[in-house]
Amino acid sequence: MSADLQVRPPGRTVSPASPRRRSRVAPPWWFVLPALLLFAFVVLVPSARGIYYAFTDWDGLDPDFALIGLRNFTDMLDDGDALQAVWHTLVIAVAITVIQNGIGLLLALGVNSMIKTRNFLRVLLFAPAVITPIVTAYLWRNLLGPDGAVNSLLGMVGLGSWRQDWLGDPDLALWMVVLVVVWQFAGYSMVIFLAGLQSIPREIYEAAAIDGTGAVRRFWSIVRPLLAPAITINLMLSIIGGIKLFDQVYALTGGGPGHATDTISTLIYKDAFTLGEFGYSIALAVVLTVIVSIVSAGQFVVLNRNEKAAS
Amino acid sequence: MNRYTKRTFLLEMVMVAVGIVFAFPVYVLVNLAIRQPSDTSSPISPTTSPTFGNFTGAWREAGLGGALVNSVLVTTVSVFIVLAVSALAAYPLARSTARWSRGTFLLIMLGLILPFQLASLPLYQTVRDLGLLGSVWSLVLFYAGLQVPFTTFLYVGFLRALPRDFEDAASIDGAGPFKTFRYIVLPMLKPITVTALVLNAVAVWNDFFTPLLYLSGSDQQTVPVAVAGFVGQFVSDWNLIFAALLISIVPVLAVYLALQRSIINGFAGGLKG
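Keep in mind the model is a prediction, meaning the values are calculated, not measured.

J.: Just checking my understanding: could you explain the overall build of chain A for this structure?
T.: Per the secondary structure count, chain A includes 14 helices and zero strands. In chain A, the succession of helices and strands from N to C terminus is α-α-α-α-α-α-α-α-α-α-α-α-α-α. For chain A, buried positions account for 42% of its 311 residues. Considering only residue pairs separated by 6 or more positions, chain A has 72% of its internal contacts joining residues 24 or more positions apart.

Laid out in structure tokens, this is it:
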């Protein structure tokens, strides 16, 4: 790589008076331009326009639309479907975060042991995370159906009375969405926890074991604080992913039965592309943005404090 | 501590059982994809007379060939662009402490919070006005911009932890900023580039919402959209659908198994960024 660097004649080099200071030429600002322009065109400008449209009655086509102030937002308060969708979104996000990370952590502890199948299991358990979410959701739609494999399995192990249409029951369908996401991404949490566990020097762990510290105590007092960065990343990824969830709901239930599993994201899609209410739809997207921002900011503050306290 | 004890054996059994539970859906996927539609036995009992007919049928009907080509094209081009522009931008953003540099970095990081739903509807209008609806190039443009914040975040974090000595030495030797970037900075960024490549490629390849908006009603498809359209068309012909699902995940799983170490490290690598 350095072979391509031309060595200039000595006269052109920086004067020896203050070589260190002079040599620190800052890279030019225009290096950021390509990235900034792409980002501005695709994200920044459309987002700003989106916030503006949220205060209009735009239908997506008609160039004539009117500013209607906060009406899209006040309408939302009278819209049972929208309030339900916000609630579903929060339930899904919290449930996924707790369950996926709980299981992910247990899996990480399991494959971070001396078991012979540890490498094989790492590869196997992480594999669902690379599969297209819409594909895993269609797969599970069949597994959870009335004649699906889950019911067959229950029949086989003598739990035939539990058999039902898992996605057809409004009380259960939301939890089935959570199940599918957890199945797919528990291995992702595992991989991040595993990286955290492996960065803990074995000696610390062994010293505690020799001192007679029990396994639970060892985990809580030694492993958990050192795992703080992995916990931060995992919580961020799963909660924000859960809040934005769209593909899995779209493919598993389409938001149904009725509106039992509609999330903010599926409602945004339906309102815009089946009802043509772009303004209202974008107002929902603004609500989604506010929720994501509050959660990110809150999580950042809390976890940052914990991480500092732990170190 | 490092011996294989009775407790280790118990743990091994538990973990293998967990592995079987996780693999169960994939077993059913394969089991039903090779089953003749006339065979109505339980989905969990092994298929007795397997057939490849579902695969040929699904391949023909779902247009998966064209969709695979499109997905490969969109993923390759957009990920290449986003890695190139983000690495280039990260260089001054990580090294300069000037006010414009901090401000620009924060502005780009704003993109980590903004959900794409907010931008995607107004952008849909722009893309329509530009006549790019139904073109895979609209997707390339979209991902190239959408993935900038995350990729820049990874690069800036990584670069800040690297010493400047090599860059300083290069500039003492008279290398210009672009040469320094190309021959000094870029090679040092290799580990984080692998991470960024893996995460971006998986995100772009798997995305469904964007092509659903921008390609709907056209004959252009990516793999996720082709699969969704196929499921909508063959609602209850699950043997055919499962064959299509299996075809769509085989390329992904093949790449994953071939590069498992880099890919798993790539996903875990965000931790160090």
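From this point, the discussion proceeds with the structure in view.
J.: Whenever I open this one, the environment of Val301(A) confuses me. Can you help?
T.: Position of Val301(A) relative to the elements: it lies in helix 14 (residues 278-310). In this structure the C-alpha to C-alpha distance between Val301(A) and Ala283(A), which are 18 residues apart in sequence, comes to 27 Å.

J.: Where do I start with the interface of chain A and chain B in this structure?
T.: When the parts of a complex come together, some accessible area is lost, and that lost area is often taken as the interface size. Every contact between the two is made by 91 residues of chain A and, on the other side, 84 residues of chain B. Counting residues per element, the side of chain A that touches chain B draws most heavily on helix 2 (residues 33-53) of chain A, which supplies 13 residues. Split into classes, the residues belonging to the side of chain A that touches chain B amount to 62 nonpolar, 19 polar and 10 charged.

J.: Would you mind showing me how to read helix 4 (residues 99-113) of chain B here?
T.: A turn of α-helix holds 3.6 residues, and therefore any two residues three or four places apart point the same way. Taking 1.5 Å of rise per residue, 15 residues should cover 21 Å, and helix 4 of chain B covers 22 Å from first to last C-alpha, within 8% of that figure. If you check which residues of helix 4 of chain B are buried, you get Thr104(B), Phe105(B), Ile108(B) and Gly111(B). Along the axis of helix 4 of chain B, the buried positions cluster into a sector of 100 degrees, meaning they face one direction only. Exposed positions of helix 4 of chain B whose direction lies more than 90 degrees from the buried face are Arg99(B), Arg102(B), Gly103(B) and Leu106(B). Next to the buried residues of helix 4 of chain B lie helix 2 of chain A together with helix 3 (64-95) and helix 7 (148-160) of chain B.

J.: Explain the domain arrangement of chain B to me, please; I cannot follow it from the model alone.
T.: All names here are of chain B. Split into domains, chain B comes out as domain 1 (6-51) and domain 2 (56-269). Using C-alpha coordinates to define each centre, domain 1 is positioned 33 Å away from domain 2. Between domain 1 and domain 2, the residue contacts involve six residues of the former and seven residues of the latter. Its residues placed into classes, the side of domain 1 that touches domain 2 shows five nonpolar, no polar and one charged.

J.: Hey, could you run me through the packing of helix 8 (residues 170-198) of chain A against helix 11 (residues 228-243) of chain A in this one?
T.: All names here are of chain A. In the contact formed by helix 8 and helix 11, the axes pass within 8 Å of each other and the chain directions differ by 165 degrees. In this view, helix 8 runs roughly antiparallel relative to helix 11, as classed from their interaxial angle. Where helix 8 crosses over helix 11, the two elements pack in a sense that is right-handed. Contacts between helix 8 and helix 11 pair Ser189, Ile192, Phe193, Ala195 and Gly196 from the former with Pro229, Ala230, Ile233, Asn234 and Ser238 from the latter. Considering only residue class, the contact of helix 8 with helix 11 consists of six nonpolar, four polar and no charged.

J.: Quick question: what am I supposed to make of the packing of helix 12 (residues 223-233) of chain B against helix 13 (residues 238-258) of chain B here?
T.: Two measures define how a pair of helices packs: the angle their axes make with one another and the distance between the axes. Residues and elements named next belong to chain B. Remark: helix 12 packs on helix 13, axes separated minimally by 10 Å, with the N-to-C direction vectors making an angle of 175 degrees. By the angle between their directions, the pair helix 12 and helix 13 is classed as roughly antiparallel. For the pair helix 12 and helix 13, contact is made by Val223, Val227, Phe230 and Val231 and by Ile241, Ala244, Leu245 and Ser248, respectively.

J.: Sorry if this is basic, but what is going on with the nonpolar core here?
T.: Across soluble globular proteins, you tend to see nonpolar side chains buried next to one another. With 180 residues, the main nonpolar core has Tyr138(A), Val177(A), Val191(A), Leu284(A), Val227(B), Ala244(B) and Leu245(B) as its most contacted residues. Ranked by residues supplied to this core, first place goes to helix 8 of chain A with 18 residues. Of the domains in this structure, domain 1 (6-51) and domain 2 (56-269) of chain B are the two that each give at least three residues to this core. For Val191(A), the contacting residues outside a window of four places in its chain are Phe126(A), Ile264(B), Phe267(B) and Ala268(B).

J.: How should the confidence of the model for chain B be read in this particular structure?
T.: Averaged over chain B, the pLDDT score is 88; the fraction of residues at 70 or greater is 97%. Here helix 14 (residues 260-269) of chain B stands out as the least confident element of chain B, with mean pLDDT 80; helix 3 of chain B is the most confident, with 94.

J.: What should I look at first to understand the environment of Gln100(A) in this one?
T.: Residue and element names in this part refer to chain A. Turning to its location among the elements, Gln100 is positioned in helix 4 (residues 80-111). For Gln100, a count of 28 C-beta atoms within 10 Å translates into the label buried. Between the C-alpha atom of Gln100 and that of Leu172, which follows or precedes it by 72 residues, the distance is 18 Å. For Gln100, the residues in contact, after removing those within four places along its chain, are Val182, Phe185, Ala186, Ser189 and Ser238.

J.: Explanation requested: helix 1 (residues 6-33) of chain B in the structure shown.
T.: All names here are of chain B. Its 28 residues give helix 1 an end-to-end C-alpha distance of 40 Å, which sits within 8% of 40 Å, the value for a rise of 1.5 Å per residue. Along helix 1, the helix axis deviates most sharply at Ala23, where the bend reaches about 40 degrees; the proline Pro25 sits within four residues downstream. Buried residues of helix 1: Met15, Phe22, Val28, Leu29, Leu32 and Ala33, and no others.

Definitions and limits used
Residues numbered from 1 in each chain as written. Chains lettered and ligands numbered in written order. Predicted model: local features only at pLDDT ≥ 70, side-chain atom pairs only at ≥ 80, totals over all residues. Helix = DSSP H or I, 4+ residues; strand = E, 2+ residues; numbered from the N terminus. Buried ≥ 20, exposed ≤ 12 C-beta atoms within 10 Å, placed from the backbone. Contact = placed C-beta atoms within 7 Å. Nonpolar A, V, L, I, M, F, W, Y, C, P; charged D, E, K, R; others polar. Expected span 1.5 Å × (residues − 1). Arc of directions from axis to C-beta. Domains from an automatic or database assignment. Axes fitted to C-alpha atoms, helices over the stretch in contact; angles between N-to-C directions. Parallel < 35°, antiparallel > 145°, perpendicular 65-115°, else oblique. Left-handed = near helix turned anticlockwise from the far one by under 90°. Core = buried A, V, L, I, M, F, W, Y, C linked by C-beta atoms within 7 Å. pLDDT = per-residue confidence, 0-100. Bend = angle between axes of the 7 residues up to and from the residue.

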